[in-house]
Number of protein chains: 2
Amino acid sequence: MVIFMKAQKQISQKAYMSEGFIGKYQKLVRDTVIPYQYAVLNDKADGAEKSHVVQNFINAGKALCGEDAGDGFYGMVFQDSDAGKWIEAAAYSLHNFPDPELEKNVDELIEIIAAAQDEDGYLNTYFTIKDKDKRWTNLLEAHELYCAGHMMEAACAYYEAVGKRRLLDVMLKNTEHIYKIFIEDGHGGFPGHPEVELALMKMYRLTGNEKCLALAKHFINTRGTDPDYYKRERAGRDWTVWGNNAEDNDYQQSGVPLRKAERATGHAVRAVYLYTGMADLAAETDDTELYTACKRLWESITKRQIYITGGIGSTVIGEAFSVDHDLPSDTAYAETCASIGLMFFASRMLENEVRGEYADVMEQAFYNTVLAGMQLDGKRFFYVNPLEVIPGISGVSPTHRHDLPQRPGWYACACCPPNVARLISSFGKYAYGESSDTAYCHLFAAGKVSFENGMSLVCETEYPYGFTVKYKVSGSGRLAVRIPHWSGKFSLDVNGNASSNLPENGYIYLSVSDGDEVILTLDDSPRFVYASGKIPRLSGMAAVCRGPLVYCFEGIDNGGDVLSLRLDTGKEIIAESSPDLLGGTVRLSVPALKISQTDSLYTSQKPFSTPCEAAAVPYYTWGNRGENQMRVWIPD
Amino acid sequence: MVIFMKAQKQISQKAYMSEGFIGKYQKLVRDTVIPYQYAVLNDKADGAEKSHVVQNFINAGKALCGEDAGDGFYGMVFQDSDAGKWIEAAAYSLHNFPDPELEKNVDELIEIIAAAQDEDGYLNTYFTIKDKDKRWTNLLEAHELYCAGHMMEAACAYYEAVGKRRLLDVMLKNTEHIYKIFIEDGHGGFPGHPEVELALMKMYRLTGNEKCLALAKHFINTRGTDPDYYKRERAGRDWTVWGNNAEDNDYQQSGVPLRKAERATGHAVRAVYLYTGMADLAAETDDTELYTACKRLWESITKRQIYITGGIGSTVIGEAFSVDHDLPSDTAYAETCASIGLMFFASRMLENEVRGEYADVMEQAFYNTVLAGMQLDGKRFFYVNPLEVIPGISGVSPTHRHDLPQRPGWYACACCPPNVARLISSFGKYAYGESSDTAYCHLFAAGKVSFENGMSLVCETEYPYGFTVKYKVSGSGRLAVRIPHWSGKFSLDVNGNASSNLPENGYIYLSVSDGDEVILTLDDSPRFVYASGKIPRLSGMAAVCRGPLVYCFEGIDNGGDVLSLRLDTGKEIIAESSPDLLGGTVRLSVPALKISQTDSLYTSQKPFSTPCEAAAVPYYTWGNRGENQMRVWIPD
């Protein structure tokens, strides 16, 4: 096996301007999500739960000046991170849509944050306001490094997209402080919620600061080497945040050294954030052993623990990975943030090695779970993404309380909405990549993209609804175009001539010149999909997909009742363009049977079945037309 | 609708001597379960968890005499009830199989218990040893009335089956004490875990003691009239047993007056014990309103919340009823005790009104969940009875930890094993009933039964494997024979002549005379069964039954893998007598397809299917041949 270390890297935020499907989503984030979230952070959004994020920073600043800290700290211990994620989303969006007022708001918030930084570089409002002496005594629960990580990501994004380095300087000073504590002073432990590892790698890549790299290495290399660390930490303090179990090393991925880890365990978001940092470090330092560990974890997730929608972390208990093949549709957890984190991980795996499977999973997670996390109007969000919802059971049964039939508004624990916003706003980084000699098209995203080697592309496509992707080339060089795993057939034409190049690890490589027109045509046929016989809950069932989109059946399109549908997989599915449905979509008409209903719970009378056409819509659009039944998997 | 109040009643334990299938089970209980449980109670069973039950009573007796209470109290707050349930099982068994040594052991234990009763009649080792001042201050959790109820049931059983009234006198004195507290002194509240209501009704029926009736009425009529009772109780004490939520009125069936209750909620065992007491009281006092409430609760359970196996209480969260139609196979709770309690409830509903559906459910619960609760050798027990077990997921996944692939031994919380023992030992009470003019055959149980009106029957049958039931009549009178709901066809012959009488509410009524031979022939065809389309988890699936037995598919009979089976419900199932299998059973050969396996988690390649014969065995026999896959419902 040939492994190409640091095979290619994400493009800069400045290199891509979007249009088409992604462009519309980026506009929605600009118009709706970012302003709403800004209002929330400032406690000015009607109907949202109190956030207090900005006020926490203001109060911390006062406390540092010896003034009265006003109404003190309010919110989750990781409340600061909401500011980081919002700034990151705003930063990316400011490149997409320059907006002096938004930029002014960001600058002002950054000043408030800077004022909340202690002289020694420490930055965390919870401890600064509540009790400075407790800093770093509860790595297990207190999210200090997690909050630092999100602010580092914000700092990188704002510098990269807008060019201002005020927050970057704050976070470099913060890094100095963390370096002193964990490296110079030898403080033990590693972050309870991983995040700072990948953030430190971003800081290192952007600034070349070696302390960032050293810290990321330190946290990754020490994790799991001392499985009793949290236990000792817990014994050494008389307080907890939530009473987390300090001995649950599976939950916090701290039971074995990461290089020896065999399978993804525990809290799914923590896991994929951690693995992202590992893959980053592996690519950046040519660390083959670490990359091999990443591959094992990748396979553990994507071969045995992933939903067809790209959701991961199937159990609500710990918001965690369960055992292999335990993938219930109705009690799924499948947190939006976990699929976003999986995209991060996939994108970093691509930096180690260009393999189509990484981009396939990135696409699967994005077009299904990540997009489903947000209502089509950008105003409400799912944290949890079930593949089946039955009103009367979902959200009500004791085992289904987390699986809501409708998206709620802003959460007290508001991790998902800003995560969706920053992901969508920086979509180009996931869609395109570059190495010194090659431009990579991982995902199909309309718009203009420029590469550091001088080549640029204009991409025209109706993807994910149209399956022709046209690239107009400026400059020249090598171009790599991904052929998605799901596309049973495809053609690639250069200036009207079919390319005879075969895919290598899921990509076709072409030499292109200025003025070339490259047209990729993918399979537009809807298809039935079957699950492995090892997934008990899916035996005898089939799902329906087209392109990267997983479809679902909603009651509103099917006489109110999808439980009585059976798919007739021997016949063909028809795609119907539906510009007025769900903001413009393609509806599928699926050959099916409708099963008669009886009054008894159990009967030996075989029910009748009547042929019918069942209607399916993309999974990401579900729950946008009121509460009703929804099902991805239907008995065959 | 004509309702016949107190339509008929259970026969006395002394009226039935068993043979056949039930007789073998009663011998197993005599030979294995009762001796083992006696050893457990005395902490002399190898490998069992410490019980301390007998020692608790000894220590309480010492405490009452002012002596040192030795090693004090050990175990669950309801540990005393294990003694009650064991005595009850032993009492019934002593009628079935007289045994002077066992009787001596019971007598000695009763003396130990009597010595633990306080002068005022109070009897509970937890409070007597630990803190007398806390008596009756924690009805929510402390199980004082629950333990009293089980000891009352034991007292009734021992008097009824063996004729000795020492324990009955102890419990009548205890009843006086409870009456003083709750009626004369006006102590508020009602039992956290219902049980004493049905026990008081047994005491009343056996002794005519009006205080028993008054107390049962009091607890049933006050429950739910003061939904804040437990909340106030909780506020009034500074200790808890487990920290139960005092405001969860659904859990403890205390949110609405029982006469107004619309649906079964909360902890399933508590619910059916309570409803049994309600139905008892309704029958005994001709209380139509109360019986109507019982019917609503009955329908709520049996029309919308019951498994095909007669299991109830589908969720592990609170060991409770979930919402209607939420009946997962793999994460089922379906506690053995809950199905036993459902049999109690059904039997008392029959005392209000003779309807076949009550006996149908009694039979469904007994032959499937109750029997499945015990290993075929009588040595290990299931508390939880899933309808699907997949090693690697069941017992391991965070949401499936309670669903074990194999029966464990004795539990720290040992409610189910003695419950199975007392139920099996008193099976005649459920199988036969009587009114002043009619002998009722509710269930088909070989052996001899005598009725108070002088009639007696000898019943010969191989049921539940043979479907001919022969009754030889001595004496004369009216005989009512149940025609089970599941029997698509049947014949009833009297002395060789077919009876033309039609079933009324599920029973055929005959006038019989001395020497008559009545032969009932039921449908012996195996059948496919389909679930209501309202049960999401069962859409597209079918199960297989024969007579009252639900069948299941185990890996050991099907090449290790039942997940790849699909039933071919268009063809016939073949029954094969298998005397050497699982202690003697009938195996079913079921037309099916075997689906090919792929390596990928999801694929658009439709799997191949190959016709095969799948083998099914009765559900009650599952898990007796090592850990393997098991499934009741298979895709059709």
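Refer to the structure above for everything that follows.
Model, not experiment: these values are computed from the prediction.

Section: the interface of chain A and chain B
Chain A puts 58 residues into the contact, and the matching count from chain B is 58 residues. Of the roughly 4100 Å² buried where chain A meets chain B, counting both sides, 59% is carbon and sulfur surface. It is Tyr530, Leu601 and Tyr602 of chain A in chain A that bury the most area against chain B; as a group they hold 19% of the surface buried on that side. Counting across the chain A and chain B interface gives four salt bridges. For the salt bridge of aspartate 330 of chain A with arginine 537 of chain B, the shortest nitrogen-to-oxygen distance reads 2.7 Å. Taken together, chain A and chain B are joined by 22 residue pairs in polar contact (both at pLDDT 80 or more). Of all the elements in the fold, those that place two or more residues in the side of chain A that touches chain B are strand E14 (527-531) and strand E20 (602-603) of chain A. The element contributing the most residues to the side of chain A that touches chain B is E14 of chain A, with five residues. Pairing of E20 of chain A with strand E14 (residues 527-531) of chain B involves two bridges; the strand directions are antiparallel. Bridging from a neighbouring strand, tyrosine 602 of chain A pairs with alanine 531 of chain B of E14 of chain B.

Focus: the side chain of glutamine 629 of chain B
All names here are of chain B. Within the element layout of this structure, glutamine 629 appears in the loop between strand E21 (609-618) and strand E22 (630-631). Classification of glutamine 629 by relative accessible area gives buried; the value is 14%. Reaching out from glutamine 629, the side chain makes a polar contact with the backbone nitrogen of valine 562 at a distance of 2.8 Å. Within the structure, glutamine 629 has its side chain in polar contact with the backbone nitrogen of leucine 563 (distance 3.4 Å). Every residue in contact with glutamine 629, bar those within four places of it in the chain, is listed here: Val389, Ile390, Pro391, Phe553, Glu554, Gly555, Gly560, Asp561, Val562 and Leu563.

Some points on the pattern of salt bridges
Under the criterion given, the structure shown has 92 salt bridges over all chains. Where glutamate 153 of chain A meets arginine 422 of chain A, a salt bridge forms, and the shortest distance between an N and an O atom there is 2.9 Å. Separated by 269 residues along the polypeptide, glutamate 153 of chain A in helix H6 (residues 144-162) and arginine 422 of chain A in helix H15 (residues 416-425) bring together distant segments of the chain. When sorted by exposure, glutamate 153 of chain A lands in the same class as arginine 422 of chain A, which is buried. Linking arginine 135 of chain B and aspartate 118 of chain B is a salt bridge whose minimum nitrogen-to-oxygen distance equals 2.5 Å. Of this pair, arginine 135 of chain B sits in the loop between helix H5 (125-130) and helix H6 (144-162) while aspartate 118 of chain B is found in the loop between helix H4 (100-115) and H5, placing the two residues 17 residues apart along the sequence. Note on arginine 135 of chain B: relative accessible area 14%, which makes it buried. A relative accessible area of 10% means that aspartate 118 of chain B is categorised as buried.

Here's the deal with the pairing of E14 of chain B
Residue and element names in this part refer to chain B. Burial runs high along E14: five of the five residues are buried. Across the two faces of E14 the burial is the same, with Arg527, Val529 and Ala531 and Phe528 and Tyr530 all buried. Pairing analysis gives four bridges linking E14 to strand E15 (residues 541-546), with the strands arranged antiparallel. In the strand pairing of E15, valine 529 is matched with alanine 543.

Rules of the game
Residues numbered from 1 in each chain as written. Chains lettered and ligands numbered in written order. Predicted model: local features only at pLDDT ≥ 70, side-chain atom pairs only at ≥ 80, totals over all residues. Heavy atoms only, no water. Contact = heavy atoms within 4.5 Å. Buried area = accessible area lost by both parts, 1.4 Å probe. Salt bridge = Lys/Arg side-chain N within 4 Å of Asp/Glu carboxyl O. Polar contact = N/O pair within 3.5 Å; in protein donor to acceptor, adjacent residues only side chain to side chain. Helix = DSSP H or I, 4+ residues; strand = E, 2+ residues; numbered from the N terminus. Pairing = 2+ DSSP bridges. Buried < 20%, exposed > 50% of the residue type's maximum accessible area, 1.4 Å probe, protein only.

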